[in-house]
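Read off the chains here:
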Amino acid sequence: MIVTIWTQLLQDAIFSAVPAVGFAMVFNVPKRYLGYCAIAGAIGHASRTLMIDWGVPIEWASFLAAALIGFMTIGFAKRHLAPPLMYAVAAIIPMIPGTYAFNTVIALVQLSATADVNPELIATSVANGLKTVFILGALSVGLALPSLLYYRTRPII
């Protein structure tokens, strides 16, 4: 049981590091920083997978994983005197909910192709659309929150 969880997390980390590096290359991140983008993407996505396995809803798991990526990339940025978003944007890309967005669009296209109203199709499109929006919101707020807390010049209270 424990071995399968670790192999699943390792596989998840490897397969999420690849698109993180690919998008970092698209965003013209210097070569010496590509490894850090891969590490942040791998740890972020693997932590989200682990939280989902523990029963955390995907929206909250995405929020916490994005916050983890935010804190990691602030550390990378301080070490290399580079902007944290250089690492963070590429690392967050593998967590974008493509499947839910795809299912939303497919259901909407099927709705527009039929003449009658199908309640099941409407429910599918609304459920997948809301899940997509909430995951994207969780990713954006989770990624922004560490910077808001770390670079704050005034006390919180």
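As a reminder, the structure under discussion sits directly above these lines.
What counts and how
- Residues numbered from 1 in each chain as written.
- Predicted model: local features only at pLDDT ≥ 70, side-chain atom pairs only at ≥ 80, totals over all residues.
- Heavy atoms only, no water.
- Axes fitted to C-alpha atoms, helices over the stretch in contact; angles between N-to-C directions.
- Helix = DSSP H or I, 4+ residues; strand = E, 2+ residues; numbered from the N terminus.
- Parallel < 35°, antiparallel > 145°, perpendicular 65-115°, else oblique.
- Left-handed = near helix turned anticlockwise from the far one by under 90°.
- Contact = heavy atoms within 4.5 Å.
- Nonpolar A, V, L, I, M, F, W, Y, C, P; charged D, E, K, R; others polar.
- Expected span 1.5 Å × (residues − 1).
- Buried < 20%, exposed > 50% of the residue type's maximum accessible area, 1.4 Å probe, protein only.
- Core = buried A, V, L, I, M, F, W, Y, C linked by side-chain atoms within 4.5 Å.
- Salt bridge = Lys/Arg side-chain N within 4 Å of Asp/Glu carboxyl O.
- Patch = residues over 30% accessible without salt bridge, like charges linked within 9 Å, V, L, I, M, F, W, Y side chains within 5 Å.
- Areas by Shrake-Rupley, 256 points an atom, 1.4 Å probe, with all protein chains shown as cover.

With respect to the packing of helix α5 (residues 98-113) against helix α6 (residues 119-150)
And then number 1: For the pair α5 and α6, the least separation of the axes is 8 Å and the interaxial angle reads 150 degrees. With respect to their mutual orientation, α5 and α6 come out roughly antiparallel. The way α5 lies across α6 gives a crossing that is left-handed. Contacts between α5 and α6 involve Y100, A101, N103, T104, A107, L108, Q110 and L111 on the former and, on the latter, L121, I122, T124, S125, N128, G129, K131, T132 and I135.
And then number 2: Here the contact of α5 with α6 is composed, by residue class, of 8 nonpolar, 8 polar and 1 charged.

Some thoughts on helix α3 (residues 58-80)
Residue pairs three or four apart in sequence face the same way in an α-helix, which turns once every 3.6 residues.
And then number 1: Counted at 1.5 Å a residue, the expected span for α3 with its 23 residues is 33 Å, and the 32 Å between its end C-alpha atoms agrees.
And then number 2: Of the residues one or two after α3, L81 is the one with positive phi, at around 55 degrees.

A word on the packing of helix α1 (residues 2-26) against helix α2 (residues 34-53)
And then number 1: The geometry of α1 relative to α2 is characterised by a closest axis approach of 7 Å and an angle of 140 degrees between their N-to-C directions. The angle between the axes of α1 and α2 places the two elements in the oblique class. The handedness of the crossing between α1 and α2 comes out as right-handed. On the side of α1, the interface is formed by I5, Q8, L9, D12, A13, S16, A17, A20, V21, A24 and M25, while α2 contributes L34, C37, A38, G41, A42, H45, A46, T49, L50 and D53.
And then number 2: By residue class, the composition of the contact of α1 with α2 is 14 nonpolar, 5 polar and 2 charged.

Topic: the environment of M25
And then number 1: Along the chain, M25 turns up in helix α1.
And then number 2: On the basis of relative accessibility, which here comes to 51%, the residue M25 falls in the exposed class.
And then number 3: C-alpha separation for the pair M25 and A90, spaced 65 residues apart in sequence, amounts to 8.7 Å.

Remarks on the nonpolar core
Burial of nonpolar side chains together is a common tendency in soluble globular proteins.
And then number 1: Membership of the largest hydrophobic core comes to 26 residues, with the highest contact counts inside it found for V29, I69, Y87 and I92.
And then number 2: Those elements that place two or more of their residues in this core are α2, α3, α4 (84-92) and α6.
And then number 3: Counting residues per element, this core draws most heavily on α3, which supplies 8 residues.
And then number 4: For I92, the contacting residues outside a window of four places in its chain are A66, I69, L139 and L143.
And then number 5: Among the nonpolar cores identified, the runner-up in size contains 6 residues, and A13, A17, A42 and A46 belong to it.

What to know about the pattern of salt bridges
And then number 1: Overall, the coordinates contain 1 salt bridge when judged by the stated rule.
And then number 2: The shortest N-O distance in the salt bridge between E59 and K131 comes to 3.2 Å. On the criterion of sequence distance, the pair formed by E59 in helix α3 and K131 in helix α6 is long-range, its members being 72 residues apart.
And then number 3: The exposure class of K131 is partly exposed, given its relative accessible area of 26%.

Brief notes about a nonpolar patch on the surface
And then number 1: A cluster of nonpolar side chains, V117, I122, V126, L130, V133 and F134, forms an exposed patch at the surface whose accessible area comes to about 560 Å².
And then number 2: Assignment of secondary structure puts V117 in the loop between α5 and α6.
And then number 3: Take V117: its relative accessible area is 65%, and that puts it in the exposed class.

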